[in-house]
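Take a look at the letters that make up each chain.
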Amino acid sequence: MSQPPITPGHSDDALRLHEIHCTLGTRKALLGLTAQDIQPGKVTAVLGRNGVGKSTLLRCIGGFVPCSSERLALGATDLAGMSAAQRAAVVRYLPQAASLPLHLTVHECLLVALNAAHRPNRAEGRRRIEEVAANLRIGDMLHRYLDQLSGGQRQLVWLAQALLHEPRILLLDEPLTALDPHFQHLVMDSLNQLAVERRLIIMVVLHDLNMALRYAADALVLQDGKVAAQGATAQALQPQVLADTFLVRARIERCRLGVPHIIVDGPLAPPAPAAT
Amino acid sequence: MSESPSPIVGRQRALRARMLLACGAMILLLLAVDITSGAASLGWNQIWSILFDPRGVGSPEHFIVWQLRLPQALMAVCAGAALGLAGAEMQTVLENPLASPFTLGVSSAAALGAALALVLGLHIPGVPLRYAVGANAFAMALLCSLMLDIAARRLHMAQHGIVLLGIALVFGFNAILALIQLLSDAAALQDLLYWMMGSLGNSGWTETSTLAGLFALVITFSLRHAWKLTALRFGEERAGSFGVDTRKVRRWALLRVSVLAGTVVALVGVIGFVGLVAPHIARRLWGEDHRWYLPASAATGAIIMLAASVLAKQLSTQVEIPVGIVTTLVGIPFFIVVLSRRRRD
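Our subject in this report is the structure included herewith. (Residues numbered from 1 in each chain as written. Chains lettered and ligands numbered in written order. Predicted model: local features only at pLDDT ≥ 70, side-chain atom pairs only at ≥ 80, totals over all residues.)

1. Side note on the overall build of chain A
Scanning chain A for helices and strands turns up 9 helices and 12 strands. Whereas a compact globule of 276 residues would reach a radius of gyration of roughly 19 Å, chain A reaches 19 Å, a difference of no more than 12%. For the C-alpha atoms alone, the extent of chain A along its principal axes is close to 60 × 50 × 40 Å. In chain A, buried positions account for 42% of the 276 residues. Here the analysis covers contacts within chain A between residues at least 6 apart in sequence; of these, 65% occur between residues at least 24 apart. (Helix = DSSP H or I, 4+ residues; strand = E, 2+ residues; numbered from the N terminus. Rg over C-alpha atoms; globule rule 2.2 N^0.38 Å. Buried ≥ 20, exposed ≤ 12 C-beta atoms within 10 Å, placed from the backbone. Contact = placed C-beta atoms within 7 Å.)

This is how it looks when you write it as structure tokens:
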């Protein structure tokens, strides 16, 4: 068995994914997915068409679906042998936002995330809640009920919950769905800051390629349960990659300010179906 | 509880505590009303002197108050609280607003267990005869809870599927119960009917203190799991991501539900809808933080049950109407309201 290549420079706090297989029911969702180490300190966008295994990959890392792997580790710490509850100490996973009509105040939502597994002492708990609330600017809505908040505000609450325990890996499944542009940019901007300030590994499933291009330093493009392309986002999203993996005719152009944008010109015909 | 970071949060908490206190006061008031109403007409003054004056010992009035009305009224409190707590935990762990021991068959299963012991003499081996009815009721309640849990988790049955399964279970257990009625003699049939209707009439101090003790024990464990139960409300994966072993929390909660529902059925019979209505009221008024929601649901259940008991006594002084009939009749409209509101969401 060959060990995954270790990138020189940063080796002990990167997320290592090697030969991950996952079968959901009868469908093979991940087919020996192997990626270069996912580095902390930046946002990594997980991209690909519907059903290529983006969500499954995050859930495998979080421990919510059974998978087999040659290596699933954070630096030297093996994650594969841990249950979801054990992994929660280092990994926080945010599933796709469902509408949860919970009659709980924001403060209670944060207390639950803080106290559910084991309770920190009172002063420490209070300090963390204040810090996270200040970071995400939700301090003035702590007393409001979750079922009265907008989708964007709720997304901030989920983020706050995930950050309370100071995880090392944050996995977010389509956090921008149903958010208006203001909140989309606010969430992505907060993620970028968090990644840098706390040296977090942040993996975000996105469908908006331009959001990925703007906010994610790296991109991991999946196709058919495997990695189709990986690297700095602008490099990974070459027109050929976009054509092969997203089935679109697209180009990257720089706007007047020099910022690259992806412009999609139209769909491409899918290739002849392989045996499934 | 951790300190509140803002004055509004602090005020919210104070309000909730006061509402819980108000519930306590209401229970005391209803207890007083319940003790003064009944077939024999006794005034407030008379009751007061019987309760606090030792000279009346031995009189029929003393017997009525001390051996009939007081334990029965307290049984209403305990049974209502137990059902309220059981319903609250069931709605959380099955993620279903229509869950309660009565609607999903747990109570029917327990009644069937009791019937097996009463009529057919089928006991769990090794259990002393005194506790055979209770043990049977508990075992069947647990079996039913596990079936619901397996259907929800393993088979990934959706919310409405669970309710339909529960209704199927109710029908199934009731059919077997009917079969047992057919086979039983007159005396056993009388006992059985009492079980199926739910009545406080046979409650003495032993029964009441048994249930009170069990309830106190169970709610301590429930409250110890309060954070984890609240976390479950965010869904399997979010709760897991908070570090909660969701399967374990579920199993323990269903065990507690079975203990409560099984014991209540063994002692007072099938009481409908208290376990369904109380959690909804508690959730609206106290929110879903289980530190409040669980005790509030228990308190609400106790109030509903006491009110039903008082109402039953007001309806007729000649025949004692089983309290289970009253709660069911009052509960059905509420059930329909909850059901129709769910559909719109």
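Back to the write-up after that little detour.
2. Digging into the nonpolar core
Among the nonpolar cores identified, the biggest contains 188 residues, and A:V204, B:A79, B:A82, B:A110, B:A114 and B:V264 are the most heavily contacted of them. Looking at this core, the element that brings in the most residues is helix α3 (residues 60-93) of chain B, giving 16 residues. (Core = buried A, V, L, I, M, F, W, Y, C linked by C-beta atoms within 7 Å.)

3. Concerning the interface of chain B and chain A
Chain B puts 28 residues into the contact, and the matching count from chain A is 31 residues. Contributing elements (two or more residues each) for the side of chain B that touches chain A: α1 (7-36), α9 (226-232) and α10 (236-241) of chain B. In terms of residue count, α10(B) provides more of the side of chain B that touches chain A than any other element does, 5 residues in total. Counted by class, the side of chain B that touches chain A contains 9 nonpolar, 9 polar and 10 charged residues. (Nonpolar A, V, L, I, M, F, W, Y, C, P; charged D, E, K, R; others polar.)

4. Examining helix α1 (residues 54-62) of chain A
Each full turn of the α-helix corresponds to 3.6 residues, which orients residues three or four apart in the same direction. Residue and element names in this part refer to chain A. Of all 9 residues in α1, 9 are buried, a share of seventy percent or more. Listed in full, the buried residues belonging to α1 are K54, S55, T56, L57, L58, R59, C60, I61 and G62. A positive backbone phi angle near 90° is found at G63, which sits one or two residues after α1.

5. Remarks on the packing of helix α8 (residues 205-224) of chain B against helix α13 (residues 290-315) of chain B
Residues and elements named next belong to chain B. Running from N to C, α8 and α13 point in directions that differ by 155°, and their axes come no closer than 9 Å. In terms of axis orientation, α8 runs roughly antiparallel to α13. Of the two possible hands of crossing, α8 and α13 adopt the one that is right-handed. On the side of α8, the interface is formed by I219, S222 and L223, while α13 contributes R291, L294 and A298. (Axes fitted to C-alpha atoms, helices over the stretch in contact; angles between N-to-C directions. Parallel < 35°, antiparallel > 145°, perpendicular 65-115°, else oblique. Left-handed = near helix turned anticlockwise from the far one by under 90°.)

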